[in-house]
Amino acid sequence: YKLILFSNLKFHPIFKKLSPDFWQVFSLYPSSSLLYKFINVFHTKFTHKYYHSSQKLQHFKDGKININQRIRKYFLKFNVDLMIYPTSNTLSFETKIPYIFTIHDLNHRIYHEFPEVSAKKEWEAREYSFQNGIRNALYVLVDSEIGKQDVLRFYPDCVGDPEKIKVLPFLPASYLETKISRKIIKEVRNKYKLPVKYLFYPARFWPHKNHLRIIEALGLIKKKNNLDIPIILCGSHTGKIRENTFKNVMVQADKLGI
C-alpha cells in the first residue's frame, strides 16, 4: 500500500516525521508553481470565498452537490482508494472518492447566536458541508461521545447507521516539544516581559471563546478580593469579527485594570 498526504502547505514540521518508504507529499491543488504560491498565501481567503459561493448555497437549498471534476481527476491520477479528511472539507463529497469525514464541532447548530457561525451565509455553508459530508461518508470522526450524540441529534437522516460515527479523541501534535530548555524559557520570559505567575488562554478572538467574560471575571476578583491576576491571551485577531472582539476585550481590560 502507499500513503499520500495532500496539503495546501509547502512545508510543515510533521512532513519530516513521515517515512519516505510509505509516504509521499503532494499539493492539495493541481496547479503551476506560481498558482500554488498564490493559493498557499491566500488560501484562507480563497477557500472562504469558494465555500460561500452562491452556486454552493443554491445547491444546499435544492439538495444538490457541486461536483469538482478538476480536483477529482487530479486525485484519481494517484489511484486513490480512500481519502481521510482531518477537517471538514467539501472536497470530500465533491470529488466522489470514498472518504472518512471529520467533524470538530457543530457550533452553528448549538451556538447559532454567535455571528462567526451563522452570519453572512456561514450557517448555510456549514449545512451544505455537514449534511453532504455525513451522508456520503464511509465513516465520520468526532472527538468525544458528546460530539457523537450531537451528530446523531442534529443529522439523524444523514447518518443512517450510527455505527459509522467513530470517536477519536484529539491528541497533542507529534511535533510539539515537551522538553523546553531553561535558556529558551528565560528568552521567552524576557521577550514578552512575563510575570512569575499568570493565567494562559490560547484561543482566537472569536466571541464564543469568551475572552471578554474572563476579563470581567478577573475584574470582579480584583474588586472583591483585591487580587491582581495577570493573564496572557494568545490567538489571532484578524478579520472584522475577531478585530472587534479583540478591541472590546482590550478596552474592558484597560477599564478594569487587568
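Preceding this paragraph is the structure being described.
Figured I'd write up the structure that's included with this text. (Residues numbered from 1 in each chain as written. Predicted model: local features only at pLDDT ≥ 70, side-chain atom pairs only at ≥ 80, totals over all residues. Heavy atoms only, no water.)

1. Here's the deal with the pattern of salt bridges
Under the definition given, this model contains five salt bridges. Glu216 is the partner of Arg213 in a salt bridge, and the nearest nitrogen-oxygen pair spans 3.4 Å. With a gap of three residues between them, Arg213 and Glu216 both fall in helix H11 (residues 211-225), about one helical turn apart. One network of salt bridges, with partners in common, ties together Asp105, Glu122 and Arg126. (Salt bridge = Lys/Arg side-chain N within 4 Å of Asp/Glu carboxyl O. Helix = DSSP H or I, 4+ residues; strand = E, 2+ residues; numbered from the N terminus.)

2. Considering the nonpolar core
Side chains of nonpolar character tend, in soluble globular proteins, to be buried together. Ranked by size, the top nonpolar core spans 30 residues in total, and within it Phe6, Phe75, Met83, Ile103, Ile134, Val140 and Val151 carry the most contacts. Of all elements in the fold, only strand S1 (3-7), helix H4 (69-76), helix H5 (91-94), strand S4 (99-102), helix H7 (122-136), strand S5 (139-142), helix H8 (145-154) and helix H9 (156-159) reach the threshold of two or more residues within this core. Once residues within four sequence positions are removed from consideration, Phe6 is found in contact with Phe26, Ser27, Leu28, Tyr74, Phe75, Phe78, Val80 and Met83. Phe205, Leu218, Ile231 and Ala253 belong to the second largest nonpolar core, which has six residues in total. (Core = buried A, V, L, I, M, F, W, Y, C linked by side-chain atoms within 4.5 Å. Buried < 20%, exposed > 50% of the residue type's maximum accessible area, 1.4 Å probe, protein only. Contact = heavy atoms within 4.5 Å.)

3. Structural notes on the environment of Asp254
Structurally, Asp254 is set in helix H12 (residues 240-256). In this structure, the C-alpha to C-alpha distance between Asp254 and Ile215, residues 39 residues apart in sequence, is 9.8 Å.

4. What about the layout of surface pockets?
The calculated volume of the second largest pocket comes to roughly 210 Å³. Surrounding the second largest pocket, Ile180, Ile184, Ile185, Val188, Arg189, Leu194 and Tyr198 form its lining. Residues that form the lining of the second largest pocket fall into these classes: six nonpolar, no polar and one charged. (1 Å grid on protein atoms, 1.4 Å probe; cavity = no way out; pocket = protein on both sides within 12 Å on 5 of 7 lines; lining within 4 Å. Points joined across faces, edges and corners; volume = space filled by probe spheres on them. Nonpolar A, V, L, I, M, F, W, Y, C, P; charged D, E, K, R; others polar.)

5. Some points on the packing of aromatic side chains
Summed over the entire model, instances satisfying the criterion amount to twelve aromatic pairs. Judged by centre distance (5.9 Å) and plane angle (40°), the rings of Tyr74 and Phe75 are tilted. Take Tyr74 and Phe75: they sit in the same class, and that class is buried. Taking 6.3 Å as the distance between ring centres and 85° as the angle between the ring planes, the aromatic pair formed by Tyr85 and Tyr99 counts as edge-to-face. (Phe/Tyr/Trp six-rings, centres within 6.5 Å; stacked < 30°, edge-to-face > 60°.)

6. Some points on the packing of H11 against H12
Two elements in contact, H11 and H12, have axes separated by 9 Å at closest approach and are oriented at 5°. With respect to each other, H11 and H12 are oriented roughly parallel. Residues His211, Leu212, Ile215, Glu216, Gly219 and Lys222 of H11 form the contact with H12, whose participating residues are Asn248, Val249, Gln252, Ala253 and Leu256. When grouped by side-chain class, the residues that make up the contact of H11 with H12 number five nonpolar, four polar and two charged. (Axes fitted to C-alpha atoms, helices over the stretch in contact; angles between N-to-C directions. Parallel < 35°, antiparallel > 145°, perpendicular 65-115°, else oblique.)

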